[in-house]
Amino acid sequence: MPAPPSEPLELSVPMGQLVVCPVPALLVVHGLGSCVAVFLHDRRRRIGGMAHALLPGGSRAERERTPGKFVASAIDLMLRKFEDLGVGVPALVAKICGGASMFLGVTCERQKIGDRNVRAALRALEELRIPVVAQDVGGTVGRTVRARTEDGVLEVSSLRQEPRTI
Amino acid sequence: MLFCELDERQVDALREVGNVGAGHAATALSQMIGKAVTLSIPKVEAVPFPRVSAILGGPESEVAALYMKVFGDTRGTILLVFGPDDMSALISLMLNKPLSSLHSPTPIERSAILELGNILACSYLNAISQLLQISLIPSVPSLAVDMVGAILEAPIIELSRVADSALVLQTRFEDTARTFRGNFFLLPDPQSLDTMLDALARP
């Protein structure tokens, strides 16, 4: 008899950090606002990785000190971790979430940082030729994202809205 | 100088500044609503960014927040955070009738919420600027009612390249009937904090 399915391992991905997980797990970003969550998935080997990046770009020194904070360097670091597991770029697809504008009307809130984060992610993934197969971005609401590494399905939930899967 | 390096004397000085500001805010609020309201700052602490959402009930809990930028001689960000019930009760008290909905307030309710932000921010900033003899001007507030984590990302992104923690002034509002709680987050850029602490250290 097969063993009953156990609850998958749940790993929270805090701001400025990233996780690549080779065993069945839920990678979770709780309360995502204008940051961007980039999920990379190898369908065949069922390995998933998630980054929770804050900023579209930084100086070279900043990117080296805290690569997880910046979109492109966070993706690069994830790719290195995939490589360590024997997964190359051609095996990967991407899904992205976040990039909201939480406080409309604050003229001095760094102009549309959420949009810029999303654009930076799309640009970096395009340069790497990693197809973006789904996205749930922009708007004015926060999101919690739960990514299953087994099948690459993301559940996105916001307050006062039905959860959606992408 | 980072917030986490503040010593006890500096925290005391900042709480003192906060209480002067709270006194001003209480006067303004009381006059506006025609009822006595007292404000106090029971606690001041420096909180590293990753822990800020935890003290507000976790990244997914719902809060009402007012976000303002500070201009003038020093720069920074102000975030006023209330539980939805506390914010609703405070606004009901200001308008002397129940709030229709925090998520889609009427224009008058909305302006009461923003006015609350203005009163509190200006009172605190006045106290600080009088003490330090510097000019501090808050921007127009902006309101969001959403998950703590999502709300905190806006100010943290602004400061993440230069700082790693926020100064949190817990604020308690009391009228005769009940107590409301809010959190006042002051996030000066690190240079501005040095200016403040230097001024506070003067005898």
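Residues numbered from 1 in each chain as written. Chains lettered and ligands numbered in written order. Predicted model: local features only at pLDDT ≥ 70, side-chain atom pairs only at ≥ 80, totals over all residues. Heavy atoms only, no water.

Caption draft 1: Representation of the overall build of chain A within the structure. Across its full length, chain A holds 3 helices and 10 strands. Going from N to C terminus, chain A has its helices and strands arranged as β-β-β-β-β-α-α-β-α-β-β-β-β. When its C-alpha atoms are laid out on the principal axes, chain A stretches across 60 × 40 × 25 Å. Taken over 166 residues, chain A has a buried fraction of 50%. Expressed as a percentage of contacts within chain A between residues at least 6 apart in sequence, the contacts between residues at least 24 apart total 63%. Carbon and sulfur atoms make up 51% of the accessible area of chain A, which amounts to about 8,000 Å² in all. Taking the average place of the 22 positive charges on the side chains of chain A and the average place of its 17 negative ones, the gap between the two points comes to 4 Å. (Helix = DSSP H or I, 4+ residues; strand = E, 2+ residues; numbered from the N terminus. Buried < 20%, exposed > 50% of the residue type's maximum accessible area, 1.4 Å probe, protein only. Contact = heavy atoms within 4.5 Å. Areas by Shrake-Rupley, 256 points an atom, 1.4 Å probe, with all protein chains shown as cover. Lys, Arg positive; Asp, Glu negative; His and termini not counted. Charge placed at Lys NZ, Arg CZ, Asp CG, Glu CD.)

Caption draft 2: Geometry of the interface of chain B and chain A. The interface is formed by 25 residues belonging to chain B together with 35 residues belonging to chain A. Buried area between chain B and chain A, summed over both chains or domains, comes out near 2,400 Å², and the portion from carbon and sulfur atoms is 60%. The three residues of chain B that bury the most area against chain A are Glu153, Ile157 and Arg161 of chain B, which together make up 29% of that side's buried surface. At the boundary of chain B with chain A, the tally comes to 1 salt bridge. In this assembly, chain B and chain A are joined by 11 residue pairs in polar contact (both at pLDDT 80 or more). Of all the elements in the fold, those that place two or more residues in the side of chain B that touches chain A are strand 2 (62-72), strand 5 (142-147) and helix 5 (148-159) of chain B. Looking at the side of chain B that touches chain A residue by residue, the classes come out as 14 nonpolar, 4 polar and 7 charged. (Buried area = accessible area lost by both parts, 1.4 Å probe. Salt bridge = Lys/Arg side-chain N within 4 Å of Asp/Glu carboxyl O. Polar contact = N/O pair within 3.5 Å; in protein donor to acceptor, adjacent residues only side chain to side chain. Nonpolar A, V, L, I, M, F, W, Y, C, P; charged D, E, K, R; others polar.)

Caption draft 3: Expanded view of the layout of surface pockets. Of the pockets and cavities examined, the largest pocket occupies roughly 510 Å³. Along the wall of the largest pocket there are 24 residues; nearest its centre are Pro14 and Met15 of chain A together with Phe49, Pro50 and Ile156 of chain B. By residue number, the principal contributor to the lining of the largest pocket is helix 5 of chain B, which donates 4 residues. In the lining of the largest pocket, the residues fall into 11 nonpolar, 10 polar and 3 charged. Here the second largest pocket is characterised by a volume of approximately 250 Å³. Looking at the second largest pocket, it is lined by 13 residues, and the ones nearest its centre are Thr140 of chain A together with His103, Leu143, Ala144 and Val145 of chain B. The element that contributes the greatest number of residues to the lining of the second largest pocket is strand 5 of chain B, accounting for 4 residues. Class assignment of the residues belonging to the lining of the second largest pocket gives a composition of 8 nonpolar, 2 polar and 3 charged. (1 Å grid on protein atoms, 1.4 Å probe; cavity = no way out; pocket = protein on both sides within 12 Å on 5 of 7 lines; lining within 4 Å. Points joined across faces, edges and corners; volume = space filled by probe spheres on them.)

As far as function goes, none of this settles anything; it's purely spatial.
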